[in-house]
Amino acid sequence: MNRSLSRELVFKFLYELEILKEENYEEQLNLYIENNNITNSDTIQYIKQIVEGIKNNKDNISELISKNLKKDWSIERISKVNLAILKLAIYEIKYMELPYKVGINEAVEIAKKYGDDTAGQFVNGVLASIIKEETKQ
């Protein structure tokens, strides 16, 4: 399974967690892997790494998102789809050192596929702002 498909599976699980507001995700993750017939060990390892990493860095990731929204926006206003995409992309770019152009492109493609008409632009804008801020430091 290629990385883009694996990334899409991670997004779907993160979205599920956003909907369920689930903190204790281990059992959910195992059920998700089983129900989606994910058998490739590299894919399973990748999914677990991302989910665990986002959980361990959730405060920092949420702060990055919040700081890079327009003034009248809050993280609570972001759709669950966009929020899951942003968390995934930020984690991969910041903590897994995925080249930011790749991370943004992959995130925008997922947003176009699963979000509303403006999701791609929204995700692109927030991620571009984060990258701009991070490269200043």
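The following paragraphs examine the structure supplied in this document.

**What to know about empty space enclosed by the protein**
And step 1. With the rule as written, the count across this model stands at 1 cavity of 30 Å³ or more.
And step 2. Within this model, the largest cavity holds a volume of roughly 30 Å³.
And step 3. Contributing to the lining of the largest cavity are Arg7, Ile85, Leu88, Ala89, Glu92, Gly103, Glu106, Ala107 and Ile110.
And step 4. Counting residues per element, the ones that place at least two in the lining of the largest cavity are helix H5 (80–94) and helix H6 (100–114).
And step 5. In terms of residue class, the lining of the largest cavity is built from 5 nonpolar, 1 polar and 3 charged.

**Considering the environment of Leu83**
And step 1. If you trace the backbone, Leu83 turns up in helix H5.
And step 2. Between the alpha carbons of Leu83 and Ser62 there is a distance of 9.3 Å; along the sequence they are 21 residues apart.

**Focus: the pattern of salt bridges**
And step 1. This model, assessed by the stated rule, comprises 8 salt bridges.
And step 2. For Lys112, the salt bridge goes to Glu109, with nearest N and O atoms at 3.9 Å. Of the two residues, Lys112 and Glu109 are both situated in helix H6; the distance of 3 residues between them amounts to about one turn of the helix.
And step 3. Through salt bridges that share partners, Arg7, Glu92 and Glu106 make up one connected network.

**Concerning the nonpolar core**
And step 1. Core analysis: the biggest nonpolar cluster contains 45 residues, and Ile65, Ile78, Ile85, Leu86, Ile90, Val123 and Leu127 have the highest contact counts within it.
And step 2. At the level of secondary structure, the elements contributing two or more residues to this core comprise helix H1 (3–20), helix H2 (26–35), helix H3 (41–56), helix H4 (58–67), H5, H6 and helix H7 (119–136).
And step 3. Among the elements that line this core, the one with the most residues is H5, at 10 residues.
And step 4. Excluding residues within four positions of it along the chain, Ile78 makes contact with Ile65, Leu69, Trp73, Leu83, Leu86 and Phe122.

**Points about H5**
And step 1. If you check H5, its first and last C-alpha atoms are 21 Å apart, about what 15 residues at 1.5 Å a residue would give, namely 21 Å.
And step 2. In terms of burial, H5 is largely enclosed, as 13 of its 15 residues are buried.

**Some thoughts on the layout of surface pockets**
In this approach a probe as big as a water molecule rolls over the atoms, and the regions it shows empty are the leftover space.
And step 1. Considering only enclosed or pocket space, the largest pocket measures out at about 500 Å³ in volume.
And step 2. As for the largest pocket, its lining consists of 18 residues, of which Glu18, Glu22, Glu23, Lys58 and Lys87 are closest to the centre.
And step 3. Within the residue set of the lining of the largest pocket, elements represented by two or more residues are H1, H3, H4 and H5.
And step 4. Looking at the lining of the largest pocket residue by residue, the classes come out as 8 nonpolar, 1 polar and 9 charged.
And step 5. One number sums up the size of the second largest pocket: a volume of about 150 Å³.
And step 6. Considering the residues around the second largest pocket, the lining is formed by Leu64, Ile90, Ile93, Lys94, Leu98, Tyr100, Leu127, Ile130, Ile131, Glu134 and Thr135.
And step 7. For the lining of the second largest pocket, the elements supplying multiple residues, two or more each, are H5 and H7.
And step 8. Sort the elements by how many residues they give to the lining of the second largest pocket and H7 lands first, with 5 residues.

Calculation criteria
Residues numbered from 1 in each chain as written. Predicted model: local features only at pLDDT ≥ 70, side-chain atom pairs only at ≥ 80, totals over all residues. Heavy atoms only, no water. 1 Å grid on protein atoms, 1.4 Å probe; cavity = no way out; pocket = protein on both sides within 12 Å on 5 of 7 lines; lining within 4 Å. Points joined across faces, edges and corners; volume = space filled by probe spheres on them. Helix = DSSP H or I, 4+ residues; strand = E, 2+ residues; numbered from the N terminus. Nonpolar A, V, L, I, M, F, W, Y, C, P; charged D, E, K, R; others polar. Salt bridge = Lys/Arg side-chain N within 4 Å of Asp/Glu carboxyl O. Core = buried A, V, L, I, M, F, W, Y, C linked by side-chain atoms within 4.5 Å. Buried < 20%, exposed > 50% of the residue type's maximum accessible area, 1.4 Å probe, protein only. Contact = heavy atoms within 4.5 Å. Expected span 1.5 Å × (residues − 1).

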